[in-house]
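Chain residues, written in single-letter form:
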Amino acid sequence: MSESMQKSGKPPVKKVLGVFSLAMINVAAVLSIRNFPSMAIYGWSCIGWYLLGTIFFLIPITFAGAELATGWPQGGGVYTWVKQAFGEKSGFIALFCEWSNNLVWFPTALSFIASTLAFALTPQLASSPWYMFTVMMVAFWGTTAVAYFGEDFSAKFGNFGVIVGSIIPAILIILLGVFWVAMGAPLAIPHFSIGAMIPQISLSTIPFFSTIILLFAGMEMAGFHALEVKNPQTDFPKAMGLSTLIILFCTVFGTLAISFAVPVEKLNLASGVMQAIQYFFTTMGIPWLIAPIAILITVGGIALLASWLIGPAKGLGVVAEEGNMPPMFDHTNKYGAPVGVLITQALIGSLISLLYVFLPSVNQAYWILSAMTVELLCIVYVLVFASLIKLRYSQPDTHRPYKIPGGVAGVWLVGGLGVVGVVFAFIVGLIPPSYYPNAGEYVFSVLLGTVLLAGPPLVFLKVKKPSWLPEKNADSGEV
């Protein structure tokens, strides 16, 4: 029996992830075709919006994630990074914010999966709450079951899902856009000009900035899997670079392809991605592609769900292993999966999904909850960027196989851009939608909810008991 098995009573972690698997984890977490139509309404200016998101978030989080993951590859992702810089409490808060925002986001992702699959069957099914809830639960618990079988199985499933369900459909949409232009079809947007790429900044569009920033949220997801990486020091930087290129290419050109063919009036959140694609393919005379592409995008939605489902859950497992949460959260199975956390989040997510589908009256409250997810993620990323800067001063001698170029100045530039972008996104995220009747009530509700969803770590640390600490840690590692 290995030393790690003797001390922990758990099987040693298998090194199963290489560059490609790591890159696919990030692509699965970030690349979402369902965002294409909502961005395509901006025509050529979507390039400018994407550029803002790239400068103030995607590039900074890519560089920061590569340095932090290679310098501290102990597992736990943002928890480990922030803990090293600011202590256990801050690390726990960062991780819990990333996990708790998922509980509200899960129903959104699940409803997208169910409504997209309906186009492969009959679109009218999307209006049936029983159909929606059934498919949502099959997808949610099915994905949880995949996570149960550990990192090796989850990685293979994720690789397949992101290639088949995100990359291939995105490339297909891009190729159709190229064909649309090549055959001389009229464009649904004005002809290209440099000025057309510049976003129109106004009071009505400023809140959109928070959406753009968080379109690229999830680039740090591979960091949760550091313990399963074959060569973290060399594989993480390569994976971050590869995933960034794939995400940018598919996102920018996929969005433009839809904006070329589909009129603006067909592009809105209510229509959804499949209605835009239905218009695209029907107009081009290939309606038979609608059902197959719906199935592929459904698979991509499940891969997106899986990446967010398992990453933060693994981080909470690390927190529980250090005795900061009740022992039930520390329970892992023979595959190394954090079963206690997976079951807990599946139960809570199922309850919220039930309310989301069957109680339309909660929709207004759900908009507030959705705003909270933005604020919670902003808290996470502010702490990550601040940790990047702090660790260059507090732990300058820690070996970092990948270091942001430019020394301390380079770190301040990358971390500073990230902090500015995320703080601005937090502020504009508090601006209520135009249809919300009471702005003051909205802001108060969002802030209060954010505090309540970010606060449980303080409670856990306050009431923690010696019995929460696993035996392997309680007696200095000797069993």
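Provided above is the structure to which this section pertains.
Quantities reported herein were computed from a predicted structural model and do not represent experimental measurements.

Enquirer: I keep staring at the pattern of salt bridges and nothing clicks. Help me out?
Expert: Opposite charge on two side chains lets them pair, provided their charged atoms get close. The full count for this structure, using the stated rule, is 3 salt bridges. A salt bridge links Arg392 to Glu67; its shortest N-O distance comes to 2.9 Å. Within this pair, whereas Arg392 is found in helix H14 (residues 363–394), its partner Glu67 is found in helix H4 (residues 45–71), the two being separated by 325 residues in sequence. The class for Arg392 is buried, based on a relative accessible area of 10%. Residue class for Glu67 comes out buried when judged on its relative accessible area of 1%. A salt bridge links Lys83 to Glu322; its shortest N-O distance comes to 2.9 Å. Here Lys83 is found in helix H5 (residues 78–86), whereas its partner Glu322 is found in the loop between helix H12 (290–321) and helix H13 (339–358), with 239 residues between them in sequence. Overall, Lys83 belongs to the partly exposed group, its relative accessible area being 28%. Among the ionic contacts, a cluster of salt bridges with common partners joins Glu67, Arg392 and Arg400.

Enquirer: Just to check I follow, could you spell out the packing of H5 against helix H6 (residues 88–121) for this structure?
Expert: The angle between the axes and the distance between the axes are what describe a pair of packed helices. Across the interface, H5 lies against H6 with an axial gap of 7 Å and an inter-helix angle of 155°. By the angle between their axes, H5 is roughly antiparallel relative to H6. Crossing of H5 over H6 shows right-handed handedness. Residues Val78, Tyr79, Val82, Lys83 and Phe86 of H5 form the contact with H6, whose participating residues are Glu88, Ser90, Gly91, Phe92, Ala94, Leu95 and Glu98. A per-class count over the contact of H5 with H6 returns 7 nonpolar, 2 polar and 3 charged.

Rules used in this analysis
Residues numbered from 1 in each chain as written. Predicted model: local features only at pLDDT ≥ 70, side-chain atom pairs only at ≥ 80, totals over all residues. Heavy atoms only, no water. Salt bridge = Lys/Arg side-chain N within 4 Å of Asp/Glu carboxyl O. Helix = DSSP H or I, 4+ residues; strand = E, 2+ residues; numbered from the N terminus. Buried < 20%, exposed > 50% of the residue type's maximum accessible area, 1.4 Å probe, protein only. Axes fitted to C-alpha atoms, helices over the stretch in contact; angles between N-to-C directions. Parallel < 35°, antiparallel > 145°, perpendicular 65-115°, else oblique. Left-handed = near helix turned anticlockwise from the far one by under 90°. Contact = heavy atoms within 4.5 Å. Nonpolar A, V, L, I, M, F, W, Y, C, P; charged D, E, K, R; others polar.

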